[in-house]
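Listed below, chain by chain, are the residues.
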Amino acid sequence: MDPMFLTNPFATHSKKEYRRSVSFGGAIIEHTSLNISVRLPYVMFVLLLMSFTILHHSTPKVPWIMAIFLLDASLILNFPSRSKPGLLGRGGSDFIPLLVCVFSGTAAIALGLYHCSILEPWVSARHLREHSGVTTTMPTAAVKYAGVIHFAGDITLATGNSAGYVNWPETYCAAPVVLKNDLSPSTPIRYWAVGTGCCDHRGKFWCDGADDKNARGGLRLTLTKQLDANYHRAARMAAAAHGLSVSENPVFVAWSEDPRSMTRSALWLVIFLSFLWTLIATVCCFVGHMSLYDRQQLMRLLRL
């Protein structure tokens with residue numbers, strides 16, 4: 001046995017030092033290609049996960065360009081050569097390294113986009129404006145680019161005038177932000193506290209900080225078209241049920257005494273999840289690396 005292999009089973013050998021190959025589900029993979037077969041999916045996963053998590057908010061084109069480049073590279077490097085006679089000359093197992101790369105890249109993109117959605121409130125609170133002393137009569141255009149809104153001291157959340165719109169499997173909740181003891185039907189409600197799965201069909205609303213009597217603030221939500229439409233329906237249901245009206249372009253907020261504290265929890269959650277996925281990928285890479293080496297050589301090494 002090569003002494004270099006005994007001291008370091010993961011050392012890189014020249015062609016003269018190591019010409020043996022190992023079988024991977026019927027496909028013959030040279031030792032020099034093991035790094036590509038095992039480590040490339042790991043590198044792809046980590047790079048794409050981090051790029052979509054961090055960069056997709058500010059420069060969304062960059063992670064997608066990186067994804068296309070890495071997937072193309074994996075196709076070129078892992079596309080199997082012919083190992084059998086015939087027209088195709090490739091068995092189904094010959095495509096396993098390529099499929100592993102595609103799976104790792106797809107999983108990284110999906111998880112990165114999921115992290116991006118979780119981070120949306122933190123990004124809004126950190127990079128958008130913070131408005132204080134906002135009243136219910138202030139035009140919504142004045143807070144169009146707000147991330148955090150602090151309402152005036154005489155503002156309250158009318159949880160008793162809330163409503164829930166059911167669009168299975170979620171219930172979309174909305175409660176009007178109004179002056180204390182002033183629910184004039186002639187004044188359209190411009191600001192609404194919203195949430196999902198935290199209200200009854202009528203009259204009860206406990207989303208975020210709705211039960212906190214000291215809460216006078218909100219995190220302005222940046223919503224998808226579908227979410228915005230569902231919250232609009234919930235607000236119109238609440239207005240119709242209690243004789244109110246909704247402004248043309250209402251602002252939806254997550255009600256809280258300290259809106260920024262809500263965003264910090266989202267940041268720490270994404271950090272934890274990123275560490276968890278990376279740890280799992282590292283373990284999978286190590287196990288795959290070990291399993292692809294010559295088992296006979298490893299057994300002899302373990303007996304020493």
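Residues numbered from 1 in each chain as written. Predicted model: local features only at pLDDT ≥ 70, side-chain atom pairs only at ≥ 80, totals over all residues. Heavy atoms only, no water.

**As for the overall build of the protein chain**
A count of helices and strands for the protein chain gives seven helices and ten strands. Considering the protein chain as a whole, with its 304 residues, one finds that 40% of them fall into the buried category. Within the protein chain, residue pairs in contact and separated by at least 24 positions form 67% of the contacts whose partners lie at least 6 positions apart. By element, 62% of the accessible surface of the protein chain is carried by carbon and sulfur atoms, the whole surface being about 16900 Å². (Helix = DSSP H or I, 4+ residues; strand = E, 2+ residues; numbered from the N terminus. Buried < 20%, exposed > 50% of the residue type's maximum accessible area, 1.4 Å probe, protein only. Contact = heavy atoms within 4.5 Å. Areas by Shrake-Rupley, 256 points an atom, 1.4 Å probe, with all protein chains shown as cover.)

**Quick notes on the packing of helix H3 (residues 61-78) against helix H4 (residues 96-127)**
Following both chains from N to C, one finds H3 and H4 inclined at 170°, their axes separated by 9 Å at the closest point. In terms of orientation, H3 and H4 fall into the roughly antiparallel class. Contacts between H3 and H4 involve Trp64, Ala67, Leu71, Ser74, Leu75 and Asn78 from the first element and Pro97, Leu98, Cys101, Val102, Ile109 and Leu113 from the second. (Axes fitted to C-alpha atoms, helices over the stretch in contact; angles between N-to-C directions. Parallel < 35°, antiparallel > 145°, perpendicular 65-115°, else oblique.)

**Some remarks on unusual backbone geometry**
Leaving glycine out, the prevailing phi sign among residues is negative, and the prevailing peptide bond configuration is trans. Of note, the bond from tryptophan 168 into proline 169 is cis; its omega dihedral lies within 30 degrees of zero at 10°. For proline 169, the location among the structural elements is in the loop between strand S6 (163-167) and strand S7 (170-179). With a phi angle near 50°, aspartate 208 is a residue other than glycine that sits in the positive phi range. Take aspartate 208: it is sitting in the loop between strand S8 (189-196) and strand S9 (217-220).

**Section: a nonpolar patch on the surface**
On the surface, Phe275, Leu279, Val283, Phe286 and Val287 cluster together into a nonpolar patch covering about 510 Å² of accessible area. Position of phenylalanine 286 among the secondary structure elements: in helix H6 (residues 259-292). (Patch = residues over 30% accessible without salt bridge, like charges linked within 9 Å, V, L, I, M, F, W, Y side chains within 5 Å. Salt bridge = Lys/Arg side-chain N within 4 Å of Asp/Glu carboxyl O.)

**Notes on the nonpolar core**
Core analysis: the biggest nonpolar cluster contains 22 residues, and Ile149, Phe151, Leu157, Phe205 and Trp255 have the highest contact counts within it. Elements with a minimum of two residues in this core: strand S4 (146-151), strand S5 (155-157), S7, S8 and strand S10 (246-256). (Core = buried A, V, L, I, M, F, W, Y, C linked by side-chain atoms within 4.5 Å.)

**A short note on the pattern of salt bridges**
A complete count under the given rule lists two salt bridges for this structure. In this structure, glutamate 130 and arginine 260 form a salt bridge, with 2.8 Å as the shortest nitrogen-oxygen distance. A residue pair is termed long-range when its members are at least 10 positions apart, and glutamate 130 in strand S3 (residues 129-134) and arginine 260 in helix H6 qualify at 130 residues. Since its relative accessible area comes to 40%, glutamate 130 is described here as partly exposed. Owing to a relative accessible area of 28%, arginine 260 belongs among the partly exposed residues under this scheme. Across the pair aspartate 258 and arginine 264 runs a salt bridge, and its minimum N-O distance is 3.6 Å. According to the relative accessible area criterion, arginine 264 is partly exposed, its value standing at 43%.

**Considerations on H4**
Between its first and last C-alpha, H4 extends 43 Å over 32 residues, near the 46 Å set by a 1.5 Å rise per residue. Along H4, the helix axis deviates most sharply at leucine 119, where the bend reaches about 45°; the proline proline 121 sits within four residues downstream. (Expected span 1.5 Å × (residues − 1). Bend = angle between axes of the 7 residues up to and from the residue.)

**Here's the deal with the state of the cysteines**
Summed over all chains, the structure comprises two disulfides. Here cysteine 173 is linked by a disulfide to cysteine 199, with a sulfur-sulfur distance of 2.1 Å. The S-S bond linking cysteine 173 to cysteine 199 shows a torsion near -80°; that makes this disulfide left-handed. Of this pair, cysteine 173 sits in strand S7 while cysteine 199 is found in the loop between S8 and S9, placing the two residues 26 residues apart along the sequence. (Disulfide = S-S within 2.5 Å.)

**Side note on the packing of aromatic side chains**
Within the structure shown, the criterion is met by five aromatic pairs. Here the aromatic cluster, defined as three or more aromatic residues joined through ring pairs, consists of Phe151, Tyr191 and Trp255. (Phe/Tyr/Trp six-rings, centres within 6.5 Å; stacked < 30°, edge-to-face > 60°.)

**Here's the deal with the UniProt feature "transmembrane region" (unreviewed entry) in the protein chain**
As annotated in UniProt, the feature "transmembrane region" (unreviewed entry) corresponds to residues 36-55, 62-80, 95-116 and 266-292 in the numbering used here. With 89% helix and 0% strand, residues 62-80 has its two end C-alpha atoms placed 29 Å apart. Note that residues 95-116 is 95% helix and 0% strand, and that its end C-alpha atoms are spaced 32 Å apart. (UniProt positions renumbered as here; feature names shortened; annotations may be inferred.)

**Considerations on the side chain of threonine 140**
Examined against the element boundaries, threonine 140 turns out to sit in the loop between S3 and S4. Under the relative-accessibility criterion, threonine 140 is labelled buried at 17%. With residues near it in sequence (within four places) discarded, threonine 140 still touches Arg190, Tyr191, Asn249, Pro250 and Val251.

**Brief notes about the pairing of S6**
Across five bridges, the pairing between S6 and S7 is antiparallel. Looking at the pairing, valine 166 lines up with threonine 171 of S7. With antiparallel pairing between neighbouring strands as the criterion, S6 and S7 make up a hairpin whose turn holds two residues. (Pairing = 2+ DSSP bridges.)

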